[in-house]
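Tertiary structure, described
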Amino acid sequence: MKSIDKILLKKNYVKIKLKKIATNHLKLKATINGVKGNFILDTGASNSCVGLDLISFFKLDAEESEVKAAGAGATGMETQQSKGNTLKIGDWITHKSHLVLFNLAHVNTALEQHNAKKVHGIIGADILEKGKAFIDYKAHALYLKLEKQ
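All values derive from a computational prediction rather than experimental measurement.

Describing the pairing of strand β4 (residues 35-41)
The buried fraction of β4 amounts to six of the seven residues, a majority that puts the element mostly inside the structure. Turn length for the strand β3 (residues 26-32)-β4 hairpin, with the two strands adjacent in sequence and antiparallel, is two residues, and the turn residue N33 shows positive phi of about 50°. With three bridges connecting them, β4 and strand β9 (residues 121-123) associate as parallel partners. By the bridge assignment, F39 is partnered in β9 with G121.

Right, here's the structure in full:
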């Protein structure tokens, strides 16, 4: 075990495996409201997002949002939001996850053009900040600190 592992695990962090895909993005598995999905880890995304077409799939309560989404070559996209969701990544969990819902077609089209599989959403900086994240790019690992119960 590397020393970074030892230090972070002693400090109540959990280790989550990341998979590097054809686009050089890092992919991970996460569970929203008990439903598993595939997500891209995006440190540049301010909010974690889920595809607008997956509201019922992830059992989300969606509401209108004034926010317009932008990113990956698309701007001004209509969004909805969903608050108070349970998000689990590895052994890390939060029951207060706020998700932005928008059309991920442009993201998935870009992935498919590189022979990468579609994703259900994006894990963004909001979750990374909440989990006091460390990313080990060489080892393809994400560390998130467990919340005190």
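Here's the deal with helix α2 (residues 105-113)
It helps to recall that an α-helix has 3.6 residues per turn; residues three or four apart then point in one direction. Of all the positions in α2, only V107, N108 and L111 are classed as buried. An end-on view of α2 places all buried positions within 90° of arc, on one side of the element. Among the structural elements, β4 are those in contact with the buried residues of α2. Phi turns positive, to about 60°, at N115, one or two residues after α2.

Considering the packing of aromatic side chains
Within this structure, the stated rule accounts for three aromatic pairs. Residues F57 and F58 carry aromatic rings whose centres are separated by 4.9 Å and whose planes lie at 80° to one another, so their mutual orientation is edge-to-face. Take F57: its relative accessible area is 38%, and that puts it in the partly exposed class.

Some words on unusual backbone geometry
Leaving glycine out, the prevailing phi sign among residues is negative, and the prevailing peptide bond configuration is trans. Positive phi, close to 50°, is recorded for N33, a residue that is not glycine. Topologically, N33 is positioned in the loop between β3 and β4.

Let's talk about the side chain of D136
The topology assignment puts D136 in strand β10 (residues 134-136). One polar contact links the side chain of D136 to the main-chain amide nitrogen of A139, over a distance of 3.0 Å.

Some words on a positive patch on the surface
Together, K19, K29, K36, K88 and K117 line one region of the surface with positive charge. Mapped onto the fold, K36 is located in strand β4.

Quick word on the environment of I55
Position of I55 relative to the elements: it lies in the loop between β5 (49-51) and β6 (63-71). Judged by relative accessible area, which is 21%, I55 ranks as partly exposed. With 25 residues separating them along the chain, I55 and Q80 place their C-alpha atoms 9.8 Å apart. In this structure, I55 is in contact with L60, A62, Q80 and L101, ignoring residues within four places of it in sequence.

Remarks on the nonpolar core
If you look at the biggest cluster of nonpolar residues, it comprises 24 residues, and the most contacted ones within it are I32, L41, V50, F58, L87, I89 and I123. Of all the secondary-structure elements, those providing two or more residues to this core are β1 (13-17), β3, β4, β7 (74-89), β8 (92-102), α3 (125-130) and β11 (141-145). Take this core: its biggest share by element is four residues, from β3. In contact with L87, other than residues within four places in its own chain, are A30, T31, I32, W92, I93, T94, S97, I123 and I127. If you look at the next biggest cluster of nonpolar residues, it comprises twelve residues, including I21, I40, V107 and I122.

What counts, and where the lines are drawn
- What you see as residue numbers is a count from 1 along each chain, following the sequence as written.
- Reporting in this predicted model follows two pLDDT cut-offs: at least 70 for local features of residues, and 80 or more for side-chain atom pairs to be given and counted; totals over whole chains, interfaces and linings ignore these cut-offs and use all residues.
- To get the side-chain values, take all heavy atoms of the structure and skip hydrogens and water.
- Here the term buried applies to any residue with accessible area under 20% of the maximum for its type, exposed to any over 50%, and partly exposed to those in between, with areas from a 1.4 Å probe on protein chains only.
- We count a stretch as a helix when DSSP gives it H or I for four or more residues in a row; a strand needs E for two or more, and each element gets its number in order from the N terminus.
- Criterion used throughout: strands pair if DSSP finds at least two bridges between them.
- Read the arc as the range of directions from the helix axis to the C-beta atoms.
- Residue contacts follow a heavy-atom distance rule, with two residues in contact if any of their heavy atoms lie within 4.5 Å.
- A pair of aromatic rings is counted whenever rings of Phe, Tyr or Trp (Trp by its six-membered ring) have centres within 6.5 Å, and the orientation is called stacked for planes under 30 degrees apart, edge-to-face for over 60 and tilted otherwise.
- Definition of a polar contact: a pair of N or O atoms within 3.5 Å, with one able to donate and the other able to accept a hydrogen when the atoms are protein atoms, and with sequence-neighbouring residues admitted only if both atoms are side-chain atoms.
- For patch building, the residue pool is restricted to those with more than 30% relative accessible area and no salt bridge; the joining distance is 9 Å between like charges and 5 Å between nonpolar side chains (Val, Leu, Ile, Met, Phe, Trp, Tyr).
- Here the Shrake-Rupley method, with its probe set to 1.4 Å, supplies the accessible areas, and only the displayed protein chains count as covering residues.
- One side-chain nitrogen of Lys or Arg within 4 Å of one carboxyl oxygen of Asp or Glu is enough to make a salt bridge.
- This count recognises Lys and Arg as positive and Asp and Glu as negative, with His and chain-terminal groups excluded.
- A charge is said to be at NZ when it belongs to Lys, at CZ for Arg, at CG for Asp and at CD for Glu.
- Buried Ala, Val, Leu, Ile, Met, Phe, Trp, Tyr and Cys residues form a nonpolar core when they are joined through side-chain atoms within 4.5 Å.

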